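Here is what each chain is made of, one letter per residue.
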Amino acid sequence: MKRFIAIRLLQAIPVILTVITVTFFLVRVAPGGPFDSEKAVIPEVKAALEAQYRLDQPLFSQYLAYLGDLANGDFGPSFKYPGRSVNELIGAGFTVTAELGLYALLIATVIGGLAGIIASLRPNTVQDYIPMSLAMIGICMPTFLLGPLLVLVFGIELEWLPVSGWGDIPGDKILPSITLGAAYAAYIARLSRAGMLEVMNQDYIRTARAKGLPEWEVVVKHALRGGMLPVIAFLGPAFAGLLAGSFVVETIFQIPGLGRFYVQAAFNRDYTMILGTTVFLSTLIVLFNLLSDVLAASLNPRLRHQYEVGGMP
Amino acid sequence: MNDVVLQRIDDAEEGTSLWQDAWVRLRKNHLAVFGLAVLLFMIVVALLTPWIAPYAYDAQNLDLGASPPSAKHWLGTDIFGRDLLTQIMFGGRVSLAVGFIATSVALLIGVTYGAIAGYVGGRTDAIMMRLVDILYALPFMIFIVLLMVVFGRNVILLFLAIGAVEWLTMARIMRGQVQSLRQQEFVEAAVSLGLSPATIIRRHLVPNALGPIIVYTTLTIPSVMLLEAFLSFLGLGIQPPQTSWGLLISYGAETMEEYPWLLIYPGLTLTITLFSLNFLGDGLRDALDVRGSKD
Amino acid sequence: MNPFRIFLLLLSISLVSCAGGESNVEKGNRDQVLHLGNGTEPQGLDPHVVTGAPENHLLRSLFEGLAVKNPYTLEPEPGVAESWEFSEDGRVITFHINPDAKWSNGDPVTADDYVWSWMRALHPDTGNLYSYMLFPIVNAEAFSKREIEDFAQVGVKAADPQTLVVTLSEPTPYFIQLMDHYSTFAVHRPTIEAHGKFSDRYTKWTRVGNMVNNGPFNLEEWLLNRRITMSRSETYWDKDRVRLNKVVFYPTENLVSEERGFRAGQLHYSYEVPVEKIPAYRELEDTPYRQAAYLGTYFYLVNTQRPPLDDPRVRRALAMAIDRSTLLRTVMQGTVLPAYSITPPGTLGYEPPKLFDFDADKARRLLAEAGYPNGEGWPGLELIYNTQESHRKIAVAVQQMWKDALNIEVTLSNQEWKVYLDSVSTMNFDIARRGWIGDYVDPNNFLDLYLSTGGNNNTGYADPTYDDIIRNKAPKAKSQDERFAAFYEAETMLMEQTPIIPIYTYTRRRLIHPSVCGLPSNLMDSLNLRYVWLDGGRTSHEEPCQS
């Protein structure tokens, strides 16, 4: 297992290097530059600005210089926020987004997982339909609809909870976490239901049942492990989606998170910020995918065996 | 044990009876049939919209403005005094097209890619899945912005761009399925019988992995439709006066306190459609579940 | 029940009572802490580096210029300079700096601070986008374009620590106004040099604890994308007049959320108001809704080099076919006024010409003369605008008006901001949405856009006579009347050619809690917090303030 993790980590290096390279050259192709402004910019001023950020040098030497800085853990200065470093902006945004994402994922996994398991125990009965219909609402309702609706009901009509902010007023974290988590809860409910149904038909479950084990023991001890595999495989991508998807929630609730920074950086052509965020997020995504693979492997004895004898390169 | 294995090989080879069985089972599932009916209705309406819409889709009446539902405008009008029912009908054409076409693109690429990676395994699999990781980690926002800008904005490109982003998860799921199926006895038996990899993938792996694929497809269509709305909202998708359900909802959400009908009806339409899709997807999954059916 | 009424009801309930603890507004009223919606997170707080309206509001509270605009009259009044006088020919201004003017670390503000700061503001290495604000000064433009290296040749001198002498190349009546623009503010040289080179953009001198400033408030807390808190300065020369203890600025990008925040008592003052909410607010008794004229024009640029728009008749037909009063009454809820020329009406008493009005018949005739009777043979055009709800609404309505009146097709294309800027600056468009907000109150600020060499022209309009009037005739005018007559002549020439299609004159729309006193609206949206205080007992803007 250790070997497997080490190999995957080594493999991650070319992955991230490719991401950096592609993004670096991709952002430069986009029309408009970081210093274009609504009012015409004097050519001398524009030249001076570009010189200050090395943009006057040949693209390839800019690329090498960027890699050099990156090796020292320096993402460089932001173009849009001149006094700020990208490290600082990412640090500020990520702590918020990670907290939001964590709450959302927690809500999603607990509620979604429970709903899916309950539904899978009695397929095509009321016990199946009710949680699954609720899950469907989560899927069918975009965050930019659910968010405002929750705000309207709990924030404005009932005046129970604050309508915006993050950590400014007690309780202001509740609505955004629910809004972001709802869609994922629904996905997880469906995946765990499908996964459980898949497993419940397997021979070893039938064997367990045939041995006369009580149903709850069959479910908890035997079925859960296999039935939750699709959910675990989903968690890696879910986390990635959460970080990117948090943009909408962050905008609705005025939350100073990374998603908002990222989208704004793209629109502002803040090259260093786009690159920095991309590199940061890609590293996280690669790590989380690895984590979900490791978890899946440790739950699936056959795969684990394969990893341990080195079946995977 | 051997009997079971051989029986499965037979099942898989007799494709026609499998699908006939599935259809019989599907018809017994009322929710799925309802879903199918609603979906067909939506598709028919979308196709016929240019002929049956009550108003021209861009006909404005600024002085009327946003008005609540009435005998003249069943679902009310938007801030330009345009008939909301007409807007929803025309929006449906775009949303359904994006949903189905982009998902098909994603399905085609993802399933093929994932099946090959999972089946071949080894070094090929590792390389293929690293590529998926790379694409996952790419800032798709910029990717789509670039596509839209460099090649000019058009709807076909929007389909392709969304499809190209959404196939990744499909590939991962397919790969996972194939990997676990590959270790099952009936596949090993097929290998030992000397069937070619392409045949095994097509005949044994894909049909047996259909359940999860269909479930995930029903999950992808909504997310594709929402992605389209999100992009349009950022100004990277459909151009006005064309519209889509997602766009109508996001405009409606802005003014939900003053003109709730602008949010409720498009929201309801999208929700009903997605519910139907999901019921149908579930029904299909249960109907196609080869192993479950033999109990 | 009519949903509109429900909304009204909700509004009035939440404005009167606020369950669930004390709101920002209630607490703020007690402690003299003002909570302001301020649009976006500022790029930064360096006056020579940043641009934008939210930055403007912040910088004007942290710093002070030589002369400031009175918020009621917009007339210049003493700031850092206690007085100033013009020479006979109007080309030399002598500023007398207030001996009590201090930096927040106790250092006196001197004339040398201004010489150094303006060097910094003009130096090309600083990359100041607003360096042109100081171009009326002798040799300033040449210095900023590296044509001269020695700043001593630029017309700014410190005669003694209290006396700053500025020499202009031409008499510039609006120069004193520019002293209230942040790009002309002084900055504290030792602080900036302690954190890097004078021209560094990537420096930490503007951070909490580092910043040294000279305005009525000091930076106390700066939480990225959350809030910026300022507290009353103890070193400010006019500190006895300042009554707010603290000001909290919030970035409020999402208008709808901002309005909800206002209703929930989280803000005293909103940066904007969603247009759809305005009718309900207008219906309210004691409404917090405030609307004021704003020095800016919303218009469409026309690319005069592309057929069929190279024919002035086509451009005029397009301008005439827009029914502005219907458009603005409905789509904009009557919050703005129709515009028929580039300069906003009443700019320092100047009234722009009005050459046309909505006239569909005449527009059709003009289009027919140009060779497109009833839209036949029309090649199709594209209207671009940057992604924003209000631009979309206007474009959708205008598109239909052109179709109805002229039977022509114009397609819409919204572009993300940087793509749009690129399209406009390279003139890669047929028709493009544009807005221009005045930097100072003078017709010149709008009319010099269309000089043939103007960097913001972007229409292809070029007329040597027009250039001559703006460049020579108006600046050399003996009186303001003569000057305005010259502007009127030029603007008439411009609008006859119609390289732009004016749509409306901007207004500033805000929600302001009635407890806010001493914060009048004005044409420049100039926020001067020096005069502001909170009167918690005041429940309507109609009531007088208690001090």
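## Looking at the overall build of chain B
From N to C terminus, chain B includes 12 helices and 0 strands. In sequence order, chain B lays out its α and β elements as α-α-α-α-α-α-α-α-α-α-α-α. Taking all 295 residues of chain B together, the buried fraction comes to 52%. When contacts within chain B are restricted to residue pairs at least 6 apart in sequence, long-range pairs at least 24 apart make up 71% of them.

## Focus: the confidence of the model for chain B
Residue and element names in this part refer to chain B. Summarising the model, chain B shows a mean pLDDT of 79, and 83% of its residues fall at 70 or more. Per-residue pLDDT, averaged within each element of chain B, yields its smallest value for helix α12 (residues 290-293) (37) and its largest for helix α3 (residues 30-52) (90). Contacts from residues 290-295, a stretch scored under 50 in pLDDT, to residues over four places away or in other chains number 5 contacts.

## Let's talk about the sheet that holds strand β9 (residues 227-232) of chain C
Residue and element names in this part refer to chain C. With mixed pairing, the 4 strands of this open sheet are ordered in space as β1-β10-β9-β8. Bordering the open sheet on either side are β1 (33-37) and β8 (217-223), each of which pairs with just one other strand. In this sheet, adjacent strand axes meet at a mean angle of 20 degrees when their direction is disregarded. The pairing of β1 with strand β10 (residues 246-250) spans 5 bridges and is parallel. Bridged to V33 within β10 is K246.

## Some words on the interface of chain B and chain C
Listed by partner, the interface residues are 20 residues for chain B and 23 residues for chain C. Partitioning the side of chain B that touches chain C into residue classes produces 10 nonpolar, 5 polar and 5 charged.

## With respect to the packing of α3(B) against helix α4 (residues 84-120) of chain B
Helices that pack against each other are described as a pair by the angle of their axes relative to one another and the distance between those axes. Residue and element names in this part refer to chain B. Where α3 meets α4, the closest approach of the two axes is 8 Å, and the angle between their N-to-C directions is 115 degrees. In terms of orientation, α3 lies roughly perpendicular with respect to α4. The hand of the α3/α4 crossing is left-handed. In this structure, α3 uses M42, I43, V45, A46 and T49 to contact α4, whose residues at the interface are M89, F90, G92, R93 and L96.

## Some points on the environment of A:S120
Residues and elements named next belong to chain A. Along the polypeptide, S120 turns up in helix α4 (residues 86-121). You can call S120 buried: it has 25 C-beta atoms within 10 Å. The spacing of S120 and A194 is 74 residues in sequence and 7.5 Å in space, taken between C-alpha atoms.

## Regarding the confidence of the model for chain C
Residues and elements named next belong to chain C. Residues of chain C with pLDDT of at least 70 account for 96%, and the chain-wide mean is 91. Between the elements of chain C, mean pLDDT differs from a low of 47, seen in helix α1 (residues 3-16), to a high of 97, seen in strand β7 (residues 163-167). Low confidence marks residues 1-5, where pLDDT is under 50. Its contacts with residues over four positions away, or in another chain, come to 5 contacts. Contacts of residues 7-19 to residues separated by more than four positions or lying in other chains number 18 contacts, the stretch itself having pLDDT below 50.

## Thoughts on the packing of α4(A) against helix α11 (residues 258-268) of chain A
Residues and elements named next belong to chain A. Between α4 and α11, the least distance of the axes is 7 Å, while the angle of their chain directions is 135 degrees. Here α11 runs oblique to α4, going by the angle between their axes. Contacts between α4 and α11 involve L89, I90, G93, F94 and T97 from the first element and L258, G259 and F261 from the second.

## A few points about unusual backbone geometry
Residue and element names in this part refer to chain C. For the peptide bond that leads from P307 to P308, omega is 0 degrees, which places it in the cis range. Relative to the elements of secondary structure, P308 occurs in the loop between β11 (289-302) and α10 (312-320). Backbone geometry places Q32, a non-glycine residue, at a positive phi of 55 degrees. Inspection of the secondary structure assignment puts Q32 in the loop between α2 (24-31) and β1. With a phi angle near 50 degrees, T498 is a residue other than glycine that sits in the positive phi range. With respect to the helices, strands and loops of the structure, T498 is situated in the loop between α17 (480-497) and β16 (500-511).

## Brief notes about the sheet that holds strand β12 (residues 337-338) of chain C
Residues and elements named next belong to chain C. Strand order across the open sheet formed by 6 strands is β12-β16-β11-β15-β13-β14, with mixed pairing between neighbours. Edge strands, defined here as strands with exactly one partner in the open sheet, are β12 and β14 (410-415). With 6 bridges joining them, strand β13 (residues 381-386) and β14 adopt parallel strand pairing. The residue of β14 that forms the bridge with E382 is T411. Contacts between helix α14 (residues 417-425) and the sheet are confined to β11, β13, β14 and β15 (431-437), with β13 contributing the most and set at about 130 degrees to the helix.

## Looking at the nonpolar core
Ranked by internal contacts, the top residues of the largest apolar core, which has 314 residues, are A:Y184 and C:A321. Excluding residues that lie within four positions of it along the chain, C:A321 makes contacts with C:A360, C:A363, C:M401, C:W402, C:A405 and C:L406.

## Topic: helix α1 (residues 2-29) of chain A
Spacing of three or four residues puts side chains on the same side of an α-helix, whose turn is 3.6 residues. For α1(A), built from 28 residues, the straight-helix expectation of 40 Å at 1.5 Å per residue is met to within 8% by its first-to-last C-alpha distance of 41 Å. If you check which residues of α1(A) are buried, you get A:F4, A:R8, A:V15, A:V19, A:T23 and A:V27.

## Thoughts on the environment of C:G28
All names here are of chain C. Position of G28 relative to the elements: it lies in helix α2. Spatially, the C-alpha atoms of G28 and S521 are 21 Å apart, while their sequence positions differ by 493 residues. Other than its neighbours up to four places away in sequence, G28 contacts V33, L34, H35, H268 and L534.

The rules behind each value
Residues numbered from 1 in each chain as written. Chains lettered and ligands numbered in written order. Predicted model: local features only at pLDDT ≥ 70, side-chain atom pairs only at ≥ 80, totals over all residues. Helix = DSSP H or I, 4+ residues; strand = E, 2+ residues; numbered from the N terminus. Buried ≥ 20, exposed ≤ 12 C-beta atoms within 10 Å, placed from the backbone. Contact = placed C-beta atoms within 7 Å. pLDDT = per-residue confidence, 0-100. Pairing = 2+ DSSP bridges. Axes fitted to C-alpha atoms, helices over the stretch in contact; angles between N-to-C directions. Nonpolar A, V, L, I, M, F, W, Y, C, P; charged D, E, K, R; others polar. Parallel < 35°, antiparallel > 145°, perpendicular 65-115°, else oblique. Left-handed = near helix turned anticlockwise from the far one by under 90°. Core = buried A, V, L, I, M, F, W, Y, C linked by C-beta atoms within 7 Å. Expected span 1.5 Å × (residues − 1).

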